[in-house]
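# Examination of the molecular architecture
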Amino acid sequence: MKRSFLVILVMCIGLPALAQDLAYTLEENIGYYNGLTDSQTDYQKERCKLDVYYPKDTTDLPVVVWFHGGGLEGGEKHIPDGLKEQGVMVVTVNYRLHPKVQHPIYIEDAAAAVAWTFKNIEKYHGNKNKIFVTGHSAGGYLASMVGLDTGYLSKYDIDANKIAGLIPFSGHSITHFTIRKEMGIAGTQAIVDEFAPLFHIRKDAPPMLLISGNRELEMLGRYEETAYFYRMMKVIGHPDVELMELDGYGHNMVYPAIPLLLNFVKEKSKV
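What comes next is a walk through the structure. This one's a predicted model, so the numbers in the text were calculated from it and none came from an experiment. For every chain, the first residue of its written sequence is number 1, and the numbers climb from 1 along that sequence. Given that the model is predicted, a residue must reach a pLDDT of at least 70 before its local features are reported, and side-chain atom pairs must reach 80 or more before they are shown or counted; all residues, however, enter totals for whole chains, interfaces and linings. Water and hydrogen atoms play no part in the side-chain values, which are based on all heavy atoms of the structure.

## Things to note about the overall build of the protein
Only DSSP runs of H or I covering at least 4 residues are called helices, and only runs of E covering at least 2 are called strands; the numbering of each starts at the N terminus. Across its full length, the protein holds eight helices and nine strands. C-alpha atoms define the radius of gyration, and 2.2 Å times the number of residues to the power 0.38 defines the globule rule. Taken against the 2.2 N^0.38 rule, which gives 18 Å for 271 residues, the C-alpha radius of gyration of the protein at 17 Å falls within 12% of a compact globule. Referenced to the eigenvectors of the C-alpha coordinate spread, the extents of the protein come out at roughly 50 × 45 × 30 Å. Burial status follows relative accessibility: with a 1.4 Å probe on protein chains alone, a residue under 20% of its type maximum counts as buried, one over 50% as exposed, and anything between as partly exposed. Counting every position in the protein, which comprises 271 residues, the buried fraction comes to 59%. We call two residues in contact when some of their heavy atoms are within 4.5 Å. Pairs at least 24 apart in sequence give 79% of the contacts found in the protein among residues at least 6 apart.

Below, the structure written as structure tokens:
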């Protein structure tokens, strides 16, 4: 289903009450390659870290893995406004950046962080069967790639289909423009290759909620490529994919999209 939301509606639906009065703690700068690989570069040790935000006194909570945006060239791990104290655990991730590295390192880092979450989240009383992968812009692109191209997670003996849901916020469905730049291709020239979520569409992928800003306000045709991704997923028979367009918002649409993410998590966590 494709939906378009007016600003006033998005702001008024509120956050789902998944849990109340939980005392949260934040464990910071955990090296997610530790235990996954025998050797790391200095930059890998510096950059490949994550934080876990969780309540100590409850169990079986859904987990949201959040990848920051920044065009694969910048950005820092953080918990988005509206995602704290909402009855979910949050794993927020840093990954290596261009120009110090090039593709597919960004995707490999994202997969390692998701693999770490599957292997370790029960220590924090999270439910590894309720891991949702999301992020904004470049982070949304990484979420899609990790969940759709099964090869990145299979390296760690993780089945990408065990992800409970993928929720890219305004993420590329074609090959990311920074990766195209590394190939010598202009940002206005669209390509779909193995580094494009569109290349990996499949009907057995995890449930997906695709969220975009308004088509007239988004950057570089981001809504239209997301809509095409949505249509092709429907064409191949994916049973659980939805597209939402946030009227009144452009590319910076994280805050109004958070309630939609939480509603999706709440609904899929019932299964």
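## Some words on the nonpolar core
Tyr32, Leu50, Val52, Phe67, Val133 and Leu153 are the most contacted members of the largest nonpolar core, which has 61 residues in total. For this core, the leading source of residues is helix H3 (residues 105-120), giving ten residues. Ranked by size, the runner-up nonpolar core spans 26 residues in total, among them Trp66, Ala164, Ile211 and Val254. Working definition of a nonpolar core: buried Ala, Val, Leu, Ile, Met, Phe, Trp, Tyr and Cys residues. They are joined through side-chain atoms within 4.5 Å.

## Here we look at the packing of aromatic side chains
We call Phe, Tyr and Trp rings a pair once their centres come within 6.5 Å, taking the six-membered ring for Trp, and we label the pair stacked below 30 degrees between planes, edge-to-face above 60, and tilted otherwise. Enumeration according to the criterion identifies seven aromatic pairs in this entry. On the numbers, 6.1 Å between centres and 45° between planes, the contact of Trp116 with Tyr124 is tilted. A residue is classified by how much of its surface remains accessible, and Trp116, at 5% relative accessible area, is buried. Judged by its relative accessible area of 10%, Tyr124 is buried. Aromatic rings pair up to connect Tyr54, Trp116 and Tyr124 into one cluster.

## A look at the environment of Leu142
Take Leu142: it is sitting in helix H4 (residues 138-148). Along the backbone, Leu142 and Arg96 are 46 residues apart, and their C-alpha atoms lie at a distance of 12 Å. The contact partners of Leu142, leaving out residues within four places of it in the chain, are Leu72, Tyr95, Tyr106, Ile107 and Ala110.

## Considerations on the pairing of strand E9 (residues 241-246)
When you tally the buried positions in E9, you get six out of six residues, the bulk of the element. Burial along E9 is two-sided: Val241, Leu243 and Glu245 and Glu242, Met244 and Leu246, pointing in opposite directions, are all buried. Here six bridges tie strand E8 (residues 208-213) to E9, and the two strands are oriented parallel to one another. Of the residues in E9, the one forming a bridge with Leu210 is Leu243. By convention a crossover is right-handed if, when the strands point away from the viewer, the path from the first strand over the helix to the second runs clockwise. Between the parallel pair E8 and E9, the chain is carried across by helix H7 (residues 222-235), and the sense of this crossover is right-handed. Any two strands are treated as partners once DSSP identifies two or more bridges connecting them.

## Examining helix H8 (residues 254-268)
The terminal C-alpha atoms of H8 lie 20 Å apart, and with 15 residues this matches the ideal 21 Å at 1.5 Å per residue to within 8%. All of the buried residues in H8 are Val254, Pro256, Ala257, Ile258, Pro259, Leu260, Leu261, Leu262, Phe264 and Val265. To estimate how far a helix should extend, the number of its residues minus one is multiplied by 1.5 Å.

Note that every value here comes from positions in space, so none of it alone points to a role or purpose.
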